[in-house]
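# Summary of the model geometry
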Amino acid sequence: MWVSAFFIITIALYLTAWTLELASVFRPYRGARKLSAILVGGAACAHLAYIAFEYYIHRHSPLADLNGSLAALSLGVIVALLLIQQRKKIPSLGIFIIPITLVFLLGAALIRGVAEVPERVASALLQVHIAFNVSGLIAFTLAAAAALAYIVQEHLLRKKRIVGAFQQLPSLEVLDNVSARASQIGFPLLTAGVITGAVFITRAGSGAFWGSTQTIGILTWIVFAFVLVLRLVGGYRGKRAALGTLIGFACGVSVLAAYALRIGGGV
Amino acid sequence: MSDELFVLGLSHHTAKVEQRERLSTSIQSVGEELRRLLESEEIREAVLVSTCNRVELYALSSPAGVEKARSYLLNRGGDDLLPHLYEKRSRDAVHHTFRVASSLDSLVVGEPQILGQLKEAFDAATEVKAVGPFLSRLFTSGFAAAKRVRSETAIAEGTVSVSSIACELAEKIFGQLEGRRALLIGAGEMGESAAKTLAKTGASLVILNRSVERAEALARQIDGSGRSLDALVEELLKADVVISSAASHGYLLDEHLMRDVIRARRHRPLFLIDIAVPRNIDPRVGDYDGVFLYDVDDLKSVADENLAKRRRETLAAEKILEEEVESFLEWKRGLSVKPTIIALRSRFERIVRDELSRTLPRLSSVSEEDRKLLERMSASIVNKLLHPPLKELKDGAEDPALLEAVHRLFALQVEGNDEGEEDGESVSEPKKSGAFAALQRLRIASSEGDHG
């Protein structure tokens, strides 16, 4: 009962905060941002309580299977958002991040029990592998949200629709920097995830756990590597870099979707 | 006759700039002007506001003072200004003051400068002691009303000047502009204005012009550097923001030139503002990735849209002003009956005091405690007796018949009124500053009493 209650409270608070933030973009009013930040903070606490009760009641570790990972991933994204907001005061980033978080959180609830890890393959290394991947995905979610905000803002600027919502969104420079920095943080974490995954597969014996899920995982790594190299060497930035980041993130989400649907084999 | 608030002046609504400038005065000279105005006995308090869009005199005076003020202004600006002068009295004058402070009467609705200019004029008047309790209350209430309007409506939102919009857009692309490089091509008037706004953000400025001397002259004004137009490509490679306002037939920045420049810039974003007519920049350049091109019509349409948005907010702003005007008038009404209330209360208290001092010595044994008890009881009777008439007085403060009736019923004597009874209580209405000064004096007297 407690788990369900915290889950519902979390979802309700995220939705309210998002609605408030969205409304304040179109009709700014005093205190809306502060209230929205308080609601997101409250939602994060309820979210943490949900995960804690899940572990306490069902002995369900966040790093044991996919739904636990998704719950942890969504909380990590929100904590990262709160940290960014506290340090840099980037307005309206929550509009793009909260819906992604909600999708992850709803996914965690809906796919309960679908992708449980079999006893024979559960190991500490697997948990380390999941922890790296989840951390990498937290950073990539932020990068993707900033990239999406960049594309929206750039579109408005190019179409010369520069009153209303445009005025509330952050500058292109800030969004590009957040996206680049988050990708730079996420990439080594994803790399560590890929390496630990490879070691885990090797230890488990032959290619028993290799499948299309792992292939998409590698593709995710390649896309982000490509974007970062182009940023660093080719001076890429702006819309092209944002599109690359979104493609990479889509690949990362596909890995999760593939696990959820068990289409890729492996664990 | 009692004193009345009036506003006398002209503004962009009623007079052209050449007419306004004949009446305008610098803030340094305002004090001297007010001193001269206050030499007239009829004018009690005054504030003179002189900006590029209005010259207005706010004053508290007798009706004769209005004519004196009008003559004073016409003497300064010429008799032909008479049809352009407007006059507002009492409620209209209060409402006008609040509208001006809130920038609802400004040429550009919602502009923030007028509030600062009003405060400056008010300070200048205070310095020469031209402001008394009435205008002080009027202006501070006006400033508070303006603050409410700005915080509770979107009247001041959205930039409405072309150069500020250009600057705001640049900030939406680059974030902070400090350390960014802005290039001004041509040293025309509009470009100069935009460059000056950009310079305030901390961007470094380079001015390119066919005449290097002209470029350098402008560069000195805005702390930039001036170069010949020959350095165009070199500067385009380094710039973040380009404002083009050169007189040119055909495109100065054509697609061919810009394609090479954009390639060489390696995806660094570039904000191009073409405010020249005919245009300096090929519109196709705006299709390149990372290039944002705005012409003068684009900027103007944003300005118009923001201005229209501000105008839509004036309805909400007017509602706030109505509330604030009512609250001010309520204070004023209370102020006009205050001397009567004080006199009435004082008369009752004197009667009680006299009766007590006559009766108490006749009583055989009255302890100190009994004496205090009797005094308290008497005071309580006075309060209870006075409560209904005082309430009625406050509610009907604007009814002169009621005031007159109270004066006659309770034999309250208005100073200078020979018909009053000899032992009548005095309601001060002194020559110089009416009920307000009377109130001030009563306050001083009461504070002296406190110290005593």
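All residue numbers refer to positions counted from 1 along the written sequence of the respective chain. Labels follow written order: the first chain is A, the first ligand is 1, and so on. Local features in a predicted model are, by the rule used here, given only for residues with pLDDT of at least 70; side-chain atom pairs are given and counted only at 80 or more, and totals for whole chains, interfaces and linings are based on all residues.

### So, the overall build of chain B
Formally: In this description a helix means any DSSP run of H or I spanning at least four residues, a strand means any run of E spanning at least two, and both kinds are numbered starting from the N terminus. Using C-beta atoms placed from the backbone, we call a residue buried if 20 or more other C-beta atoms fall within 10 Å of its own, exposed if 12 or fewer do, and partly exposed for counts in between. Contact between two residues is assigned when their C-beta atoms, built from the backbone, lie within 7 Å.
Per the secondary structure count, chain B includes 15 helices and 12 strands. Across the 452 residues of chain B, 37% fall into the buried class. Across chain B, every contact between residues at least 6 apart in sequence was considered, and the portion connecting residues at least 24 apart equals 67%.

### Comments concerning the overall build of chain A
For chain A, the helix and strand inventory stands at nine helices and zero strands. Moving toward the C terminus, one meets the helices and strands of chain A in the order α-α-α-α-α-α-α-α-α. Out of the 267 residues belonging to chain A, those deemed buried represent 44%. Contacts in chain A between residues far apart in sequence, at least 24 positions, make up 81% of those at least 6 positions apart.

### Some words on the confidence of the model for chain B
Residues and elements named next belong to chain B. Using the following cut-off: A score between 0 and 100, pLDDT records how confident the predictor is in each residue.
Considering every residue of chain B, the mean pLDDT works out to 84; 90% of them sit at 70 or more. Of all the helices and strands in chain B, helix α15 (residues 434-451) carries the lowest mean pLDDT, 41, while helix α4 (residues 90-101) carries the highest, 95. Here residues 416-423 is modelled with pLDDT under 50, and outside its nearest four sequence neighbours on either side it reaches five contacts, counting other chains as well.

### Concerning the interface of chain A and chain B
Keep this limit in mind: Under the scheme applied, nonpolar residues are Ala, Val, Leu, Ile, Met, Phe, Trp, Tyr, Cys and Pro; charged residues are Asp, Glu, Lys and Arg; polar residues are all the others, including Gly.
Contact residues are listed per partner, giving 16 residues for chain A and 18 residues for chain B. Secondary-structure elements contributing two or more residues to the side of chain A that touches chain B are α5 (124-158), α7 (172-204) and α9 (238-261) of chain A. Grouping the amino acids of the side of chain A that touches chain B by side-chain chemistry returns six nonpolar, three polar and seven charged.

### Brief notes about unusual backbone geometry
Residues and elements named next belong to chain B. For S103, which is not a glycine, the phi torsion comes out positive at approximately 70 degrees. With respect to the helices and strands, S103 occurs in the loop between α4 and α5 (113-127). Since 25 C-beta atoms lie within 10 Å of it, S103 is described here as buried. If you check the backbone angles, R266 has positive phi at about 55 degrees while not being a glycine. Exposure remark for R266: the 12 C-beta atoms within 10 Å place this residue in the exposed category.

### Quick look at the pairing of strand β10 (residues 291-295) of chain B
Residue and element names in this part refer to chain B. To keep it simple, the criterion reads: Strands are treated as partners if at least two bridges between them are detected by DSSP.
Here β10 lies mainly inside the structure; four of its five residues are buried. Where strand β9 (residues 270-274) meets β10, five bridges bridge the pair, whose relative direction is parallel. Paired with L270 across the strands is V291, a residue of β10.

### Let's talk about the sheet that holds β10(B)
Residues and elements named next belong to chain B. We count it as follows: What counts as an axis is a line fitted to C-alpha atoms, over the stretch in contact for a helix, and the angles between N-to-C directions run from 0 to 180 degrees.
Read from one edge to the other, the open sheet built from six strands follows the order β7-β6-β5-β8-β9-β10, with strand pairing classed as parallel. Each of the sheet's edge strands pairs with one partner strand only, and the pair in question is β7 (225-228) and β10. The mean inter-strand angle of the sheet, taken between neighbouring strand axes irrespective of direction, is 20 degrees. Contacting β6 (204-209) and β7, helix α9 (residues 212-221) crosses the sheet at an angle of about 165 degrees to β7.

### Brief notes about the packing of helix α12 (residues 296-359) of chain B against helix α13 (residues 368-395) of chain B
Residue and element names in this part refer to chain B. As a reminder of what qualifies: Each angle is binned into one of four classes, with values under 35 degrees roughly parallel, values over 145 roughly antiparallel, values of 65 to 115 roughly perpendicular, and all other values oblique. A clockwise turn of the near helix away from the far one marks a right-handed crossing, whereas an anticlockwise turn of less than a right angle marks a left-handed crossing.
Following both chains from N to C, one finds α12 and α13 inclined at 155 degrees, their axes separated by 10 Å at the closest point. Considering their axes alone, α12 and α13 lie roughly antiparallel with respect to each other. In terms of crossing hand, the pair formed by α12 and α13 is right-handed. Residues G334, V337, T340, I341, L344, R345, F348, E349, V352 and L356 of α12 lie in contact with α13, whose contacting residues are L374, E375, S378, V382, L386, L390, L393 and K394. The residue inventory of the contact of α12 with α13, partitioned by class, reads 11 nonpolar, three polar and four charged.

### As for the packing of helix α3 (residues 66-88) of chain A against helix α4 (residues 93-110) of chain A
All names here are of chain A. For the pair α3 and α4, the least separation of the axes is 7 Å and the interaxial angle reads 165 degrees. Considering their axes alone, α3 and α4 lie roughly antiparallel with respect to each other. Where α3 crosses over α4, the two elements pack in a sense that is left-handed. For the pair formed by α3 and α4, the contact residues are N67, L70, A71, L73, S74, V77, I78, L81 and I84 on the first element and L93, G94, I97, I100, T101, F104, L105, G107 and A108 on the second. Taken together, the residues that form the contact of α3 with α4 break down as 13 nonpolar, five polar and no charged.

### Re the nonpolar core
We apply this condition: By our criterion, buried Ala, Val, Leu, Ile, Met, Phe, Trp, Tyr and Cys residues that link up through C-beta atoms within 7 Å make up a nonpolar core.
A:L142, A:A146, B:A166, B:A182, B:V242 and B:I243 are the most contacted members of the largest nonpolar core, which has 117 residues in total. Top element by residues in this core is α5(A). It accounts for 17 residues. Discounting chain neighbours no more than four positions away, the residues touching B:A182 are B:A195, B:L198, B:A203, B:L205, B:A239, B:D240, B:V241 and B:I243.

### Here's the deal with the pairing of strand β1 (residues 4-11) of chain B
Residue and element names in this part refer to chain B. Burial runs high along β1: seven of the eight residues are buried. As paired elements, β1 and strand β3 (residues 54-61) share eight bridges and run antiparallel to each other. Of the residues in β3, the one forming a bridge with L8 is L57.

### Examining the confidence of the model for chain A
Residue and element names in this part refer to chain A. Residue-level pLDDT values for chain A average 83, and 88% of them are 70 or greater. Mean pLDDT per element in chain A: helix α6 (residues 165-168) is the minimum at 72, and α5 is the maximum at 91. This stretch, residues 263-267, has a pLDDT under 50; its non-local contacts, to residues over four places away or in other chains, come to 17 contacts.

### Some points on helix α2 (residues 32-58) of chain A
Residue and element names in this part refer to chain A. Stated precisely, the cut-off is as follows: Expected span of a helix, by definition, is 1.5 Å for each gap between consecutive residues, and there is one gap fewer than residues.
With 27 residues, α2 extends 38 Å from end C-alpha to end C-alpha; this agrees with the ideal 39 Å at 1.5 Å per step. Three or more residues of α2 are buried, namely S36, L39, V40, A43, A44, H47, Y50, I51 and E54. Positive backbone phi, approximately 50 degrees, marks R59, located one or two places after α2.

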